[in-house]
Amino acid sequence: MSAGVRYVCGECGHITMTRTGRCPSCGAWGTLAAEQPPRSGSSASAAARNVVPARMVCAVDVRPPRRIPTGIGELDRVLGGGLVPGGVVLIGGQPGIGKSTLLLQAAGQVAASGLPVLYISGEESEAQVALRASRIGAALVPGGMSDRLLLSCGTDLEGALANLSGDISFFVLDSVQSMKAEGESGWPGTLTQVRAVAQRVVDVARERNIPAVMVGHITKDGRLAGPMLLEHMVDTVLNFSGEGYSSYRMLRAMKNRYGSTDELGVFEMREDGLVPVEDKSGLYWNRSDSAVPGVAMTVALEGTTPLAAELQTLANPTVFPYPRRTARGIELNRFQLLAAVIEKRCGIPTGGHDLYMNVAGGLSIQDPSADLGACAAIASALRDAPLPAGTCWMGEVGLAGEVRPVTRLGLRLREAARLGFTSAVISSRERLERLDASLGLMPVTHLDEAIAGLLLKKRG
Ligand code: TYD
Ligand code: MG
């Protein structure tokens, strides 16, 4: 082992000083590669080094950056309002999910707005990209794909970047794993190459003060290849995903130096490209109007997007010494805790029943405002008594059974009213005077009050 050599994992980017067969961080076998230390300059050259002048904090321009909207509302919202000049976005996702399609649409829209755009593809041929552009262009970009959209296909990074003439205002690189950086050894996709390509893209974007978006592939277990390296280098990391055989695609920011990370963008993959989904609640809510025991509605928030969610619970007399509890779409611990609160604070015994909870449509809720709806669904299932139709439930529930206010209730109520709900059960601690009253509001202080008062009579 020569002095100063370190070993870097090609899978996760972990750095270690000893060569081992297995990465101590991610556990992958045979992924550690030796890396030579950078040549350090002599002290004489250090003395001659240029000083990078420091600046007074108050002299730095802090005005918000002028953004370039991509014209795709769902993408712009997740980005925090559009692309930022000099900022680099990395978008990851499973092969075939639609990354290239999304970026080609974004590039097409920006070009159609009059700004020249360069689309670099190291994965597909000119004919393949152009065919896709003509297919989606006519349908999605007003007037078809613009002549301001330039295409460069090949894996030579410098050759592709040489097309960045003075007026190019945005570029896409598809993908970081397919390009070869100049002066670096190794095949495209190796750790050294990926790092060099990404660094070069970041440098070019900063130098020219234009935004760039790179596609990054993800590993088998769903992480971005070389995540620690890439994620630190870029300003924004987006994840594009879809479930099973669904044609819906979700776009989320995992990191965003220029905006929030809790916005959700939804698209539908159609024959002619990705189409934004405006009515997101319609995705998860099956609009059943018959009152079924164990079903409660709530409006959860994903970032600033309200989503109607249907909480379904089934309670069956148990045959096990320990009753079963399973939950999908809501955290199991939270579900068990809420069942315990119902037993203790509302006097409804839960021990004799297996309880199953499911959030319809595969939605996963982290928002604590779903507590009240979950409790209502559990109580309704245990009593085999339906909840009143047209009602939604929004409140956080504490261990004492108290019902607490939720964030942005006004926004949720507007969505509930839009979807045709007629009443909402909320915390009595909400500031009622500020809420729009198109819905009948039922303020409650304690869970017991909400449940005892609203369970309809047992059927049959
Ligand atoms: P693509 O954008 O190539 O995915 P990625 O770059 O993430 O690998 O999308 C590929 C899939 O999307 C492919 O299976 C075909 C489908 N698709 C459509 O259904 N409609 C379209 O308009 C386009 C362009 C692709
Ligand atoms: Mg692709």
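Residues numbered from 1 in each chain as written. Chains lettered and ligands numbered in written order. Predicted model: local features only at pLDDT ≥ 70, side-chain atom pairs only at ≥ 80, totals over all residues. Heavy atoms only, no water.

## A few points about the packing of helix H9 (residues 332-346) against helix H10 (residues 371-383)
And step 1. Two elements in contact, H9 and H10, have axes separated by 10 Å at closest approach and are oriented at 60°. When you trace H9 past H10, the crossing you get is right-handed. Taken together, the residues of H10 that come into contact with H9 (itself represented by Arg334, Phe335, Leu338, Ala339 and Ile342) are Asp371, Ala374, Cys375, Ile378 and Ala379.
And step 2. Looking at side-chain class alone, the contact of H9 with H10 contains eight nonpolar, no polar and two charged residues. (Axes fitted to C-alpha atoms, helices over the stretch in contact; angles between N-to-C directions. Helix = DSSP H or I, 4+ residues; strand = E, 2+ residues; numbered from the N terminus. Left-handed = near helix turned anticlockwise from the far one by under 90°. Contact = heavy atoms within 4.5 Å. Nonpolar A, V, L, I, M, F, W, Y, C, P; charged D, E, K, R; others polar.)

## With respect to the site of ligand 1
And step 1. Around ligand 1, the structure places 16 residues, and the nearest of them are Gly96, Ser100, Thr101, Arg270 and Gly273.
And step 2. Within the backbone of Ile97, one N or O atom sits 3.4 Å away from an oxygen atom of ligand 1.
And step 3. Contact with the protein chains hides 74% of the accessible area of ligand 1, taken as 550 Å² for the molecule alone.
And step 4. Going through the elements one at a time, helix H3 (99-112), helix H4 (126-140) and strand E11 (264-270) are the ones with two or more residues in the shell around ligand 1.
And step 5. In terms of residue class, the shell around ligand 1 is built from four nonpolar, six polar and six charged. (Near = heavy atom within 4 Å. Polar contact = N/O pair within 3.5 Å; in protein donor to acceptor, adjacent residues only side chain to side chain. Areas by Shrake-Rupley, 256 points an atom, 1.4 Å probe, with all protein chains shown as cover.)

## Focus: the packing of aromatic side chains
The geometry of an aromatic ring pair is captured by two quantities: the separation of the ring centres and the angle between the planes.
And step 1. Enumeration over the complete set of coordinates arrives at one aromatic pair.
And step 2. With a centroid separation of 6.0 Å and an interplanar angle of 80°, the aromatic rings of Phe240 and Phe267 are classed as edge-to-face. Remark: Phe267 occurs in strand E11 and Phe240 occurs in strand E9 (residues 236-242); sequence separation between them is 27 residues. (Phe/Tyr/Trp six-rings, centres within 6.5 Å; stacked < 30°, edge-to-face > 60°.)

## Focus on the sheet that holds strand E3 (residues 32-35)
And step 1. The strand order across the open sheet formed by three strands is E2-E1-E3, and the pairing between neighbours is antiparallel. Looking at strand neighbours, the two that pair on one side only are strand E2 (15-16) and E3, the edges of this open sheet.
And step 2. In this structure, strand E1 (residues 6-9) lies alongside E2, joined through two bridges in antiparallel fashion. Note on E2: the bridge partner recorded for Val8 is Ile15. (Pairing = 2+ DSSP bridges.)

## A few points about the domain arrangement of the chain
And step 1. Per the domain assignment, the segments making up the chain are domain 1 (1-38), domain 2 (65-277) and domain 3 (283-454).
And step 2. Its C-alpha centre places domain 1 at a distance of 30 Å from the equivalent point of domain 2. (Domains from an automatic or database assignment.)

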